[in-house]
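Listed here are the chains, written in short residue letters.
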Amino acid sequence: MGKKAIIQYLILLTIIIIIGFVYLNYFKTENKKEILGLKKKIEKNIPKNSKDLINDLIYSSEDRKGNKYQIKSKEGEIDSKQKNIITMKDVTAEIMLVNGEVVYISSEKAKYNNDNYDTLFQGSVMIKYNDKSINSEYLDLSFENKIAKLQDDVIYESNTSKLKADKILVDLINMSTKFLMNDKNKKVSVKTTIDNGNN
């Protein structure tokens, strides 16, 4: 290779480097500025507390044992800051147990965690299970902690009894139940009806 060819290659290489430098510093930067400007414009047009609304919402899940959980609402709202939490209105839920029994739950609203299925039901909460019903204002159903906590105006009714308490705690693993009062001086109110044919 001659001296003349080496000089031509060096000149060509210098021209390519200069063109690349000009392109990267002037043209590429302007595109970045335009894109950043567009993002800023978009962010300005979206309210900071923007929420996503969904109508006729249904979530379903199943545990390892085959128990199924389904929650439905007429309207759901996803907060942009907590994408895993959905605030629901006019809520119904079903827990379909492996043994074929079904627990029905309804409430005015609920907060559902899409990651762990925990649900906080609020406002006129009603639970129906076989011949039993429980009414309260609050139900914290935690699949993660394996516990259900009902509180505020709790009334439990069955064919044979009616019970009033401040709180009911249900262990979801062994289905044990605790009836509690907030004031230790007060007692849980229990009324029993015995149907022995003489009533």
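Residues numbered from 1 in each chain as written. Predicted model: local features only at pLDDT ≥ 70, side-chain atom pairs only at ≥ 80, totals over all residues. Heavy atoms only, no water.

Caption draft 1: Quick peek at the overall build of the protein. Along the protein, the regular secondary structure elements total one helix and ten strands. Looking at the protein as a whole, 23% of its 199 residues are labelled buried. Summarising the internal contacts of the protein: among those between residues at least 6 apart in sequence, 32% fall at separations of at least 24. Approximately 14,700 Å² of the protein is accessible, and the part contributed by carbon and sulfur atoms is 53%. (Helix = DSSP H or I, 4+ residues; strand = E, 2+ residues; numbered from the N terminus. Buried < 20%, exposed > 50% of the residue type's maximum accessible area, 1.4 Å probe, protein only. Contact = heavy atoms within 4.5 Å. Areas by Shrake-Rupley, 256 points an atom, 1.4 Å probe, with all protein chains shown as cover.)

Caption draft 2: Highlighting the nonpolar core. Ranked by internal contacts, the top residues of the largest apolar core, which has 28 residues, are Ile71, Ile105, Phe121 and Leu139. Considering every element that reaches this core, the biggest residue donor is strand S3 (residues 85-96), with five residues. Setting aside residues up to four positions removed in sequence, Leu139 forms contacts with Ile105, Thr119, Leu120, Phe121, Val125, Ile127, Ala148, Lys149 and Leu150. (Core = buried A, V, L, I, M, F, W, Y, C linked by side-chain atoms within 4.5 Å.)

Caption draft 3: Representation of the confidence of the model for the protein within the structure. With 73% of its residues at a pLDDT of at least 70, the protein reaches an overall mean of 77. Segment residues 28-50: pLDDT under 50, and five contacts once partners within four positions in sequence are set aside and those in other chains are kept. (pLDDT = per-residue confidence, 0-100.)

Caption draft 4: Just the environment of Leu150, in detail. Locating Leu150 in the fold gives a position in strand S7 (residues 147-157). Along the sequence, Leu150 and Phe121 sit 29 residues apart, while their C-alpha atoms lie 9.3 Å from each other. Dropping the residues within four chain positions of it, Leu150 is found in contact with Ile127, Ile134, Ser136, Tyr138, Leu139, Asp166, Lys167 and Ile168.

Caption draft 5: Examining unusual backbone geometry more closely. You will see that Tyr117, though not glycine, has its phi angle at about 70 degrees, which is positive. Of note, Tyr117 is situated in the loop between strand S4 (102-113) and strand S5 (119-129). The exposure class of Tyr117 is partly exposed, given its relative accessible area of 33%. Its identity is not glycine, yet Asp153 carries a phi of approximately 55 degrees, on the positive side. Within the fold, Asp153 resides in strand S7.

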